[in-house]
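# Structural characterization, general
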Amino acid sequence: MNAQQSLVEEIRAASRSLVRDWGFMGGSFAGGDLSPSAVHALIEIEHGEVSAREIATRLRLEKSSVSRMLRKLVESGEVSEQVDGRDSRLKNLSLTAAGKLKVAAIHAHARAQVEEALGRLQPGQERSVLEGLSLYSAALAAQAPNPGERPGVDVAAGYQPGLIARITQMHALYYARESGFGQRFESLVAGGLAQFCDRLDKPVNGIWTALRAGEIVGSVAIDGEDLGENTAHLRWFIVDDSLRGSGAGRRLLAAALDFADRQGFGETHLWTFSGLSAARHLYESVGFECVQEWQGDQWGKQVMEQKFVRKLAASQGPDSMAPGQRL
């Protein structure tokens, strides 16, 4: 057995040990009597109103299994269902008072479990645990796309003909429907995007599009100039309605953040607003943290604006760091 094969077997053994220690093999899980999938579902629902379809996508489970599990949570009084105001075919899920107590107990048990384990490490090893788990989780996710992801969607780097008009249209239609934004918002998107595309010849700037049969169905960009101070700006992140929950958005985001990391930006910033629960969950899953909130109307309507920041982990930095507005 060579060194690579030995490493693989050691990682497999450690993974099996984690599964057993966390209680996935049976018995008490997370300090209670719920199944692992039910525990994960409750935590996803805690982040904000989501549908059963979104839960199935996030947990990588079959819809029928999720339906049965959620029905039990509703019957036990821990989850409530409300018909979506925009689409009567969907039911949004939220925690009841009992559900919030259950999740609080789950968090308390998990935090105590982690703190006890970290207490057995040598000083300075805690960060190694976090970085190692994060890197391994991201690598596993990259090789196992969501079952519902449609074939034939490619992520392409660089300018594509019609990009400015199409990305502007996607933003304008989606945010008019979801948030009531109008002409001012559309003009900001079009003007900012057109100006940015004139700067794509700079090596610190990049844009990626999701293409299906030659049509642009998603986008994201990294602006490495406008914020300065070795800070990347993630902008114009959106996917077509037909791709939501498919994994295409995660692929776009991964391409952009990989570019930012390879460029050596110390931080990546993005600006958004509250109420976009699925987007926030995705941002937080790749290392972004909400660092600031305030009431603002820069997009033509009063909303709770948010600033998210993702820091470059020391283990991700290149040998030589390259120096480096909203929306």
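This report concerns the structure included in the present document. Each residue is numbered by its place in its chain's sequence as written, counting from 1. Side-chain atom pairs in this predicted model are given and counted only at pLDDT of 80 or more, local residue features only at pLDDT of at least 70, and totals for whole chains, interfaces and linings cover all residues. As a rule here, side-chain values cover all heavy atoms of the structure and leave hydrogens and water aside.

Next up on the list: the overall build of the protein. Each helix is a run of H or I in the DSSP string that is no shorter than four residues. Each strand is a run of E no shorter than two, and both are numbered from the N terminus. Helices and strands together make up the secondary structure of the protein, namely 10 helices and 10 strands. Here the term buried applies to any residue with accessible area under 20% of the maximum for its type, exposed to any over 50%, and partly exposed to those in between, with areas from a 1.4 Å probe on protein chains only. Across the 327 residues in the protein, those meeting the buried criterion constitute 37%. The accessible surface values rely on the Shrake-Rupley method and a 1.4 Å probe; as for residues, cover is taken only from the protein chains in view. Carbon and sulfur atoms make up 53% of the accessible area of the protein, which amounts to about 18100 Å² in all.

As a further point, take the environment of Val204. Of note, Val204 is situated in the loop between α8 (183–197) and β5 (206–212). On the basis of relative accessibility, which here comes to 12%, the residue Val204 falls in the buried class. Along the chain, Val204 and Phe265 lie 61 residues apart, while their C-alpha atoms are 9.3 Å from each other.

Spanning 13 residues, helix α4 (residues 63–75) covers 18 Å between terminal C-alpha atoms, matching the ideal 18 Å at 1.5 Å per step. For α4, the elements touching its buried residues are α2 (36–46), α3 (52–59), β2 (79–83) and β3 (91–95). One less than the residue count of a helix, multiplied by 1.5 Å, gives the span that helix is expected to have. Should any heavy atoms of two residues lie within 4.5 Å, those residues are counted as being in contact.

Attention shifts here to the packing of α3 against α4. In this analysis, axes come from line fits to C-alpha atoms, helices being fitted only over the stretch in contact, and the angle between any two N-to-C directions falls in the range 0 to 180 degrees. Here α3 crosses α4 at 115°, and the two axes come no closer than 9 Å. Taken as a pair, α3 and α4 cross one another with a handedness that is right-handed. Contacts from Ala52, Arg53, Ile55, Ala56 and Leu59 of α3 reach α4 at Lys63, Val66, Met69 and Leu70. Residue classes in the contact of α3 with α4 are distributed as 7 nonpolar, no polar and 2 charged. In this scheme the handedness of a crossing depends on how the near helix is turned from the far one: anticlockwise by less than a right angle means left-handed, clockwise means right-handed. Residue polarity is assigned by list, with Asp, Glu, Lys and Arg as charged and Ala, Val, Leu, Ile, Met, Phe, Trp, Tyr, Cys and Pro as nonpolar; anything else, Gly included, falls into the polar class.

The set of residues buried in α3 consists of Ile55, Ala56 and Leu59. Around the axis of α3, the buried residues are gathered within 100° of arc, so they sit on the same side. Turning to α3, the residues buried within the fold contact α2, β1 (50–51), α4 and β3. Phi turns positive one or two residues past the end of α3, at Arg60, with a value near 55°. Each C-beta atom gives one direction from the helix axis, and the arc is the one those directions make.

Once that is clear, we can look at the nonpolar core. One finds Ile222, Leu234 and Phe237 to be the most contacted residues of the largest nonpolar core, which totals 25 residues. If you list the elements that add at least two residues to this core, you get β5, β6 (215–223), β7 (231–239), α9 (248–263) and α10 (277–285). A total of 7 residues in this core trace back to one element, the largest contributor, which is α9. Ile222 has contacts with Phe196, Val204, Asn205, Gly206, Trp208, Ala232, His233, Leu234, Ala256, Phe259, Ala260 and Thr268, leaving out every residue within four places of it along the chain. Take the buried residues of types Ala, Val, Leu, Ile, Met, Phe, Trp, Tyr and Cys, join any two whose side-chain atoms come within 4.5 Å, and each joined set is a nonpolar core.

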